[in-house]
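In case you want the letters, here they are:
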Amino acid sequence: MHLHKYEKWWLVFGVGTLFAFLVILGIGAFHNGTHPNQARNIIDYENVDNHAPFDNPGVHKVEGKDWDYEVVIVASAFNYNPIEIEVPLGSVVKFYATTKDVIHGFEVAQTNINLMLEPGYISEYVTEMNQAGEYLIVCNEYCGIGHANMYSTLKVVDPNATENSQ
Ligand code: CUA
């Protein structure tokens, strides 16, 4: 079979880009830990307030688990409860989040934390807080007129840092 020179180049280009995309996908999935939400746990979205752990939103220290803190977040148009999250540097944190109304996002800018919050589902994510700082939490799913104002803050605080402001 004779292939024209340009056709060969085109085939090489096509196969090459396919291979490159698979490599990028593999790095994202296996090295960076990116994966779709598993959404194994369901919840009655009209009764979130009475369903553990969402009856007690906030940051909770836990013992005897693979993580040190549990952060429980309830999203609703157009805010997050709790308003602000603070965890110590170096801690392993498990996030539990859900929504009381429409789909919201929970993205912590500059980190790998990025959850889609769907009515009726509990989104979970475990991560280690290994960089101190103040991170912006944004809703990255369009949820209505107040979408652009739906944000919050995650503070990762170094307990050993010296306080230099007075
Ligand atoms: Cu909540 Cu956009």
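Thresholds applied
- Residues numbered from 1 in each chain as written.
- Predicted model: local features only at pLDDT ≥ 70, side-chain atom pairs only at ≥ 80, totals over all residues.
- Heavy atoms only, no water.
- Salt bridge = Lys/Arg side-chain N within 4 Å of Asp/Glu carboxyl O.
- Helix = DSSP H or I, 4+ residues; strand = E, 2+ residues; numbered from the N terminus.
- Buried < 20%, exposed > 50% of the residue type's maximum accessible area, 1.4 Å probe, protein only.
- Expected span 1.5 Å × (residues − 1).
- Core = buried A, V, L, I, M, F, W, Y, C linked by side-chain atoms within 4.5 Å.
- Contact = heavy atoms within 4.5 Å.

Engineer: Teacher, can you tell me more about the pattern of salt bridges here?
Structural biologist: Side-chain pairs of opposite charge can arise whenever the charged atoms involved come near each other. Counted under the stated rule, the structure contains 4 salt bridges. For K100, the salt bridge identified is with D49, shortest N-O distance 3.1 Å. Of this pair, K100 sits in the loop between β6 (92-99) and β7 (104-108) while D49 is found in the loop between β1 (41-42) and β2 (58-61), placing the two residues 51 residues apart along the sequence. Among the residues examined, K100 registers a relative accessible area of 33% and is labelled partly exposed. On the basis of relative accessible area, D49 is assigned to the partly exposed category, the value being 42%. In this structure, K94 and E124 form a salt bridge, with 3.1 Å as the shortest nitrogen-oxygen distance. With K94 in strand β6 and E124 in strand β9 (residues 121-128), the pair connects residues that are 30 residues apart, well separated along the chain. Residue K94 is classed as buried on the basis of its relative accessible area of 10%.

Engineer: Even after reading the chapter, I still don't get helix α1 (residues 5-31), so can you show me in this structure?
Structural biologist: One full turn of an α-helix is made of 3.6 residues, so residues set three or four places apart face in the same direction. Here α1 spans 38 Å end to end across 27 residues, near enough to the 39 Å set by a 1.5 Å rise per residue. The positive-phi residue at the C-terminal boundary of α1 is G33, with phi of around 70°.

Engineer: Looking at this structure, how should I read the nonpolar core?
Structural biologist: Across soluble globular proteins, you tend to see nonpolar side chains buried next to one another. In terms of nonpolar packing, the biggest core is built from 24 residues, with F106 and L154 touching the most fellow members. At the level of elements, β3 (69-76), β5 (84-88), β6, β7, β8 (114-117), β10 (133-138) and β11 (151-157) are the ones that each hand at least two residues to this core. In terms of residues, this core owes the most to one element, β3, which gives 4 residues. F106 has contacts with I73, Y80, I85, F95, I113, N114, L115, L117, I137, V138 and N140, leaving out every residue within four places of it along the chain. Core analysis: the next-biggest nonpolar cluster, separate from the first, contains 9 residues, F54, W67, V72 and V74 among them.

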